[in-house]
Amino acid sequence: MSEESPIIHIYTDGGADPNPGKGGWGAVLLHPATGKVKELSGHAPKATNNRMELTAAIKALETLETGCRVKLFTDSQYLRKGITEWLPGWIQRGWKRKGGGEVLNADLWRLVSAQNQRHEIRWEWVKGHAGNTYNERADALATAAIRGRQAAAVAEVSTQEGPSADVEVFLKVSASPSGGAWAAIVRQGDEEEVLSERVDGATANRLDILSAQNVLEGLPTQQSVAIHTGSDYLRNGATQWIHGWQRRGWKTGAGDPVKNAADWRLLIRTLGRRKISWPVIKGQKLPEMKLLEAELKNKMEAKGS
């Protein structure tokens, strides 16, 4: 494989509900050099978790037109260990297990093996439901496929400019042990408004949610809104983690109650009634963020006077 071959990052996930039962798989392909992102998903009327994990990897790798250097991230130890540890023995024994008998899912393992020969792949394990943005997204795509619906739009991750929104919203918060404040710039065409509020006893994460909720509920539902925020908690929560939280009854992957769940429920309903995009902020260097810093400083000092 040439060192000039493209480097692609792929995140895959798959599952069945029940297991075995209706299956779904999802994959997110990223081209780090260009910032481009591609999403794939599909379903099967009857499958197992393992077959869907394999299918996700196969389908993602098959879409690459030429041989690539790939980092493939999966939360399936079955997939990772199968390709990195067990596969050579299976092939040597004619697709038989050590104790005899056919290798389960051999038809799919053959396809995975073919793609492993076609590309230069590093198979990486990532812990599932641990807040990894693209692993969570692949999970959301797979879950949506199982349920036979389209997954909600992912956060905007390309550095390229997309279509302009009707309203641009810039959000920033400041928190202290005694509480904090949020501030927002709301821009519609040539008109601009600055909003802010002090909230006693609120953490920075809760302020992020409240800032988006308070601004959005004041905007007409028919308008498209671009939300600029430096908060990964707000962006990822609204576009990625929410799928797992809802599926698990508002529990984290570790089984703990989701923090700020009541605020999240309210915000998700508000987001669902609008067309929302989440442009990326590089280092929070937008001039609007500097203006919001000054607004927050005034808000916090006014409380102390």
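Figured I'd write up the structure that's included with this text. (Residues numbered from 1 in each chain as written. Predicted model: local features only at pLDDT ≥ 70, side-chain atom pairs only at ≥ 80, totals over all residues. Heavy atoms only, no water.)

## A closer look at the pattern of salt bridges
- Under the counting rule described, the total for this entry stands at 10 salt bridges.
- Across the pair Glu102 and Lys96 runs a salt bridge, and its minimum N-O distance is 2.6 Å.
- For Lys96, a relative accessible area of 32% translates into the label partly exposed.
- For Asp139, the salt bridge identified is with Arg247, shortest N-O distance 3.1 Å. Separated by 108 residues along the polypeptide, Asp139 in helix α4 (residues 133-146) and Arg247 in helix α6 (residues 232-247) bring together distant segments of the chain.
- Note on Asp139: relative accessible area 7%, which makes it buried.
- Linked by salt bridges that have partners in common, Glu168, Arg187, Glu192 and Glu288 make up one network. (Salt bridge = Lys/Arg side-chain N within 4 Å of Asp/Glu carboxyl O. Buried < 20%, exposed > 50% of the residue type's maximum accessible area, 1.4 Å probe, protein only. Helix = DSSP H or I, 4+ residues; strand = E, 2+ residues; numbered from the N terminus.)

## Focus on the pairing of strand β7 (residues 179-188)
- Most of β7 sits out of view: 8 of its 10 residues are buried.
- One ladder, built from 9 bridges, connects strand β6 (residues 167-176) with β7; its direction is antiparallel. When the bridges of β7 are listed, Leu171 appears paired with Ala184.
- Hairpin geometry of β6 and β7 is characterised by an intervening segment of 2 residues between the two adjacent antiparallel strands.
- Pairing between β7 and strand β8 (residues 191-200): 10 bridges, direction antiparallel. The partner of Arg187 across the bridge, within β8, is Glu192.
- Remark: 2 residues form the turn of the hairpin made by β7 and β8, two consecutive strands paired antiparallel; Gly189 in that turn has positive phi of roughly 65°. (Pairing = 2+ DSSP bridges.)

## Some points on the side chain of Glu53
- Here Glu53 shows up in helix α1 (residues 49-62).
- With no salt bridge to any partner, buried Glu53 finds its closest opposite charge in Arg247, at an N-O distance of 10 Å.
- Not counting the four nearest positions on each side in its chain, Glu53 is found in contact with Thr12, Asp13, Gly14, Thr74, Asp75, Ser76 and Leu79. (Lys, Arg positive; Asp, Glu negative; His and termini not counted. Contact = heavy atoms within 4.5 Å.)

## Thoughts on the side chain of Gln213
- By the secondary structure assignment, Gln213 is in helix α5 (residues 204-216).
- Assessed through its relative accessible area of 6%, Gln213 is described here as buried.
- Excluding residues that lie within four positions of it along the chain, Gln213 makes contacts with Leu266, Leu267 and Thr270.

## Things to note about the sheet that holds strand β5 (residues 120-125)
- The 5 strands are arranged β3-β2-β1-β4-β5 in an open sheet whose pairing can be described as mixed. The two strands at the open ends of the sheet, each matched to only one other strand, are β3 (36-47) and β5. Averaged over all adjacent pairs, the angle separating strand axes in this sheet is 20°, with direction ignored.
- Across the face of the sheet, α1 comes into contact with β1 (7-17), β2 (21-31), β3, β4 (69-74) and β5 while running at roughly 150° to β1.
- Contacting β1, β2 and β3, α4 runs over the sheet at an angle of about 145° to β2. (Axes fitted to C-alpha atoms, helices over the stretch in contact; angles between N-to-C directions.)

## Notes on the packing of aromatic side chains
- With the rule as written, the count across this model stands at 12 aromatic pairs.
- Note on Trp245 and Trp250: the rings are 6.1 Å apart at their centroids and 35° apart in plane angle, and the pair reads as tilted. Summarising the burial analysis for this pair, Trp245 and Trp250 share the class buried. (Phe/Tyr/Trp six-rings, centres within 6.5 Å; stacked < 30°, edge-to-face > 60°.)

The analysis is restricted to geometry; functional conclusions fall outside its scope.
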